[in-house]
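# Observations on chain architecture
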Amino acid sequence: MNVGKTWLFTNAGKTHAERVIHILGLEGLFEGTTYCNYLEPKFVCKPDHKAFEKAMREAGVADPGDCYFIDDSGPNIEMATKIGWNTVHLVDKKDPVLPRQLGHFQVHSPLDLPKVMPQFWK
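A few points on the structure. Predicted model, so just to flag it, every value in this text is computed and none were measured.

On to the nonpolar core. Counting residues in each nonpolar core, the largest one holds twelve residues, listed as Phe 9, Ala 51, Phe 52, Ala 55, Met 56, Cys 67, Phe 69, Ile 77, Met 79, Ala 80, Trp 85 and Leu 102. Counting residues per element, this core draws most heavily on helix α2 (residues 49-59), at four residues. Once residues within four sequence positions are removed from consideration, Phe 9 is found in contact with Thr 34, Lys 46, Ala 51, Phe 52, Ala 55, Phe 69 and Trp 85. Counting residues in hydrophobic clusters, the runner-up holds five residues, among them Val 88, Val 107, Val 116 and Met 117.

It is worth spelling out the pattern of salt bridges at this point. Oppositely charged side chains can form a pair if their charged atoms are brought close together. As enumerated under the stated definition, the model contains two salt bridges in all. For Lys 46, the salt bridge identified is with Asp 71, shortest N-O distance 3.1 Å. Of this pair, Lys 46 sits in the loop between β2 (32-34) and α2 while Asp 71 sits in strand β3 (residues 68-71), and the two are 25 residues apart along the sequence. Taken individually, Lys 46 and Asp 71 each receive the classification buried, so the pair is uniform in this respect. Lys 115 is paired through a salt bridge with Asp 112; the nearest N and O atoms lie 3.2 Å apart.

What follows concerns the pairing of strand β4 (residues 86-90). Across four bridges, the pairing between β3 and β4 is parallel. Note that in β4 the partner of Asp 71 across the bridge is His 89. In the classification by handedness, the crossover that spans β3, the intervening helix α3 (residues 74-82) and the parallel β4 is right-handed. As paired elements, β4 and strand β5 (residues 105-107) share three bridges and run parallel to each other. Looking at the pairing, Val 88 lines up with Phe 105 of β5.

Turning our attention to the sheet that holds β3. One open sheet accounts for three strands, arranged β3-β4-β5; its pairing is parallel. In the strand order of this sheet, the two ends are held by β3 and β5, each with one partner. Here the strands of the sheet are splayed against their neighbours by 20° on average, with no regard to which way each runs. Contacting β3 and β4, α3 runs over the sheet at an angle of about 170° to β4.

This part is about α3. Listed as buried for α3 are Gly 74, Asn 76, Ile 77, Met 79 and Ala 80. Next to the buried residues of α3 lie α2, β3 and β4.

Criteria and thresholds
Positions within a chain are numbered from 1, following the residues in the order the chain's sequence is written. This being a predicted model, a pLDDT of at least 70 is required before a residue's local features are given, and a value of 80 or more before pairs of side-chain atoms are given or counted; all residues contribute to the totals for chains, interfaces and linings. Just so you know, side-chain values use all the structure's heavy atoms and leave hydrogens and water out. The criterion is simple. A nonpolar core is a set of buried Ala, Val, Leu, Ile, Met, Phe, Trp, Tyr and Cys residues joined through side-chain atoms within 4.5 Å. Burial classification: accessible surface area is computed with a 1.4 Å probe over protein chains only, and a residue below 20% of its type maximum counts as buried, one above 50% as exposed, and the rest as partly exposed. For the purposes of this entry, the term helix denotes a DSSP run of H or I that reaches at least four residues, the term strand denotes a run of E that reaches at least two, and both are numbered from the N terminus. We call two residues in contact when some of their heavy atoms are within 4.5 Å. A carboxyl oxygen of Asp or Glu within 4 Å of a side-chain nitrogen of Lys or Arg is what we treat as a salt bridge. Pairing between two strands requires that DSSP report at least two bridges joining them. Looking down the strands as they point away from the viewer, one classifies a crossover as right-handed if the path from the first strand across the helix to the second runs clockwise. Here, axes are lines fitted to C-alpha atoms. For helices the fit covers the stretch in contact, and angles between N-to-C directions go from 0 to 180 degrees.

Right under this line is the structure:
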C-alpha cells in the first residue's frame, strides 16, 4: 500500500502543536499540520465536520476514504467515521468499558496500531 502523506490534525494552536512535536521527538514525521487558529473569530476544531474538511483541503486529499485517523476522543472518532475516514479509537485501559466500539478499530496503545492497520508496517 502506498501511503500518501502523514498529516497531523490537532485542536491545539500552531505554537503548542510544534512544541509537543519537538518534545516527543516527532519532527520530520509529518508533511503538514492542520491546527486551530484561535485568533480567527470563527475558528473550527474537531469534532466539527468543517475541521475535518479543512484538514482534507490542507492535506490535498479529495477522497475521505484515503484518510486514516487515530484519536482518543469518541466524538472525534464518530465524526471522522461518519464522513468516511478510516478510524482507530485509542482508549486507555483504565477507561470504563464503552457500551459500543467507536470507529473501525479500538486499541489501547499506539504500539497496537500494526495489529489493526498492518498495511502501514510492511
